[in-house]
Amino acid sequence: MIELIHVTKRFGDAVAVDDVSLSVGKGELCVLVGTSGCGKSTTLRMINRLIEHSDGEIHLDGQPVREFREEVLRRRIGYVIQSTGLFPHWTVERNIGLVPRLLKWPASRIRERVEELMALLDLSMEEFAGKYPSQLSGGQAQRVGVARALAADPEILLMDEPFGALDPITRESLQDELARLQARLHKTLVFVTHDMDEALRLADRLVVMRQGRIVQQGHPIELLREPADEFVESLLGGEDRGLKEAALLPVSERMAPLGPRLVAKERVAQHATLREALSIMLWRHVERLAVVDDDDIPIGELSLRRLVGARGHESSDS
């Protein structure tokens, strides 16, 4: 869906992005990470031509982006930024309906789309449609920003540090919201963040950048287990990488089948992460947990030995 081919961006004599090649598949959530000034936001903004690339080519669904008229390209690509970019003198309903109005949708269709998106993002039409951005919390405003980016149903969504200014609780809630939306909508999504936990939690593909170049890319667990160099290892948490990997793996991946006698008294959900299971063990001072399904029925057991043992399942849990 998106392809960058030997793309370079210069600002005068300074090279911000240096010979970057990257392919993002349809429906993939690709996260760009790296230290400040590494070129990740510049790379993102070249995709929708907010910044023009100096060399190389950028293709959208096989067509060079420079063959699109800029306004057509940007209406096909949703864009969400940290400050939301909402018009302060427009209501929530009008802000969300911006692109459909530019595309001259009928008023009834715009209203229907706004209602659909507000429901999808847990914003009551009655409570929020007539409010102005200044009357919203940070999390509510960011939800409106996401709704506006999705209004014309674009195939691609670009998100530049969208949750960076929010408090940790709101940020985690919106990460959950985005993961839920992505599972339902399957957009091709490129997401920039400096928060490594956020990146690991959301990414199908993680792209690590340094000084304008891609250092390593792949599935988050691949990078955690086999970082390309000391920079990637440090960025991913150094010796804390084991806990970060545990936060990505479900309990069901390590649990033992339910035996004839259930030993563990404390419980953990099968969809919980191994990190959550370890936390319960430490908090409850136990070395075994009963693994339960969505109906709270035991379906297996997880021991501390299996949790911290080899990545593959052990043959014995003794």
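Look a little higher up for the structure.
Because the structure is predicted, anything quoted here is derived from the model rather than measured. (Residues numbered from 1 in each chain as written. Predicted model: local features only at pLDDT ≥ 70, side-chain atom pairs only at ≥ 80, totals over all residues. Heavy atoms only, no water.)

## Some points on the overall build of the protein chain
And step 1. Counting secondary structure elements, the protein chain contains 14 helices and 14 strands.
And step 2. Projected onto its principal axes, the C-alpha coordinates of the protein chain cover approximately 65 × 50 × 30 Å.
And step 3. Here the protein chain holds 318 residues, and the buried ones make up 47% of them.
And step 4. For the protein chain, the share of sequence-separated contacts (at least 6 apart) that also reach a separation of at least 24 residues comes to 63%.
And step 5. For the protein chain, the exposed area adds up to about 15,900 Å²; of that, 49% sits on carbon and sulfur atoms.
And step 6. Charged side chains in the protein chain number 41 positive and 50 negative. The centres of these two groups are separated by 3 Å. (Helix = DSSP H or I, 4+ residues; strand = E, 2+ residues; numbered from the N terminus. Buried < 20%, exposed > 50% of the residue type's maximum accessible area, 1.4 Å probe, protein only. Contact = heavy atoms within 4.5 Å. Areas by Shrake-Rupley, 256 points an atom, 1.4 Å probe, with all protein chains shown as cover. Lys, Arg positive; Asp, Glu negative; His and termini not counted. Charge placed at Lys NZ, Arg CZ, Asp CG, Glu CD.)

## Here's the deal with the packing of aromatic side chains
And step 1. Tallied over the entire structure, the rule returns 2 aromatic pairs.
And step 2. For the ring pair F87 and W90, a centre distance of 4.6 Å and an interplane angle of 45° mean the geometry is tilted.
And step 3. For W90, a relative accessible area of 13% corresponds to the buried category.
And step 4. One residue, K9, lies across the ring of F11, its end atom 4.9 Å from the ring centre.
And step 5. Its guanidinium or amino end placed over the ring of W105, R109 lies 3.6 Å from that ring's centre, counting from NZ or CZ. (Phe/Tyr/Trp six-rings, centres within 6.5 Å; stacked < 30°, edge-to-face > 60°. Lys NZ or Arg CZ within 6 Å of the ring centre and 35° of its normal.)

## With respect to helix 8 (residues 168-185)
And step 1. With 18 residues, helix 8 should reach 26 Å at 1.5 Å per residue; the first-to-last C-alpha distance of 25 Å fits that figure.
And step 2. For helix 8, the secondary structure elements touched by its buried residues are strand 3 (29-33), helix 5 (107-120), helix 7 (138-150), strand 7 (156-160), strand 8 (188-192) and helix 9 (196-202).
And step 3. Where helix 8 begins, the capping side chain belongs to D167, and its oxygen is found 3.2 Å from the backbone nitrogen of I169.
And step 4. Phi for H186, located one or two positions after helix 8, is positive at around 55°. (Expected span 1.5 Å × (residues − 1). Polar contact = N/O pair within 3.5 Å; in protein donor to acceptor, adjacent residues only side chain to side chain.)

## Here's the deal with the environment of L304
And step 1. The residue L304 is located in helix 14 (residues 304-308) in this model.
And step 2. The exposure class assigned to L304 is partly exposed, which follows from its relative accessible area of 29%.
And step 3. Not counting residues up to four positions away in its chain, the partners in contact with L304 are L278, M281 and E287.

## Topic: the pairing of strand 14 (residues 298-303)
And step 1. Here strand 11 (residues 256-257) runs beside strand 14; their pairing, made up of 2 bridges, is antiparallel. Residue pairing across strands places P257 opposite G300, the latter belonging to strand 14.
And step 2. In terms of strand pairing, strand 13 (residues 288-292) meets strand 14 through 5 bridges, oriented antiparallel. In the sheet register, V292 faces strand 14, and the bridge partner there is P298.
And step 3. Between strand 13 and strand 14, which pair antiparallel one after the other, the connecting turn spans 5 residues, and D296 there sits at a positive phi close to 65°. (Pairing = 2+ DSSP bridges.)

## Examining the sheet that holds strand 7
And step 1. The sheet built from 6 strands is open, its strands ordered 6-7-8-3-9-10 with mixed pairing. Looking at the sheet topology across the chains shown, the edges are occupied by strand 6 (77-81) and strand 10 (213-218). Between one strand axis and the next, the sheet turns by 15° as a mean value, whatever way the strands run.
And step 2. Relative to strand 10, strand 9 (residues 205-210) runs antiparallel, the two being bridged by 5 bridges. Residue R210 lies in a different strand from strand 10, and its bridge partner there is R213.
And step 3. Set on the sheet, helix 1 (residues 40-47) makes contact with strand 3, strand 6, strand 7, strand 8 and strand 9; between it and strand 7 the angle comes to about 150°. (Axes fitted to C-alpha atoms, helices over the stretch in contact; angles between N-to-C directions.)

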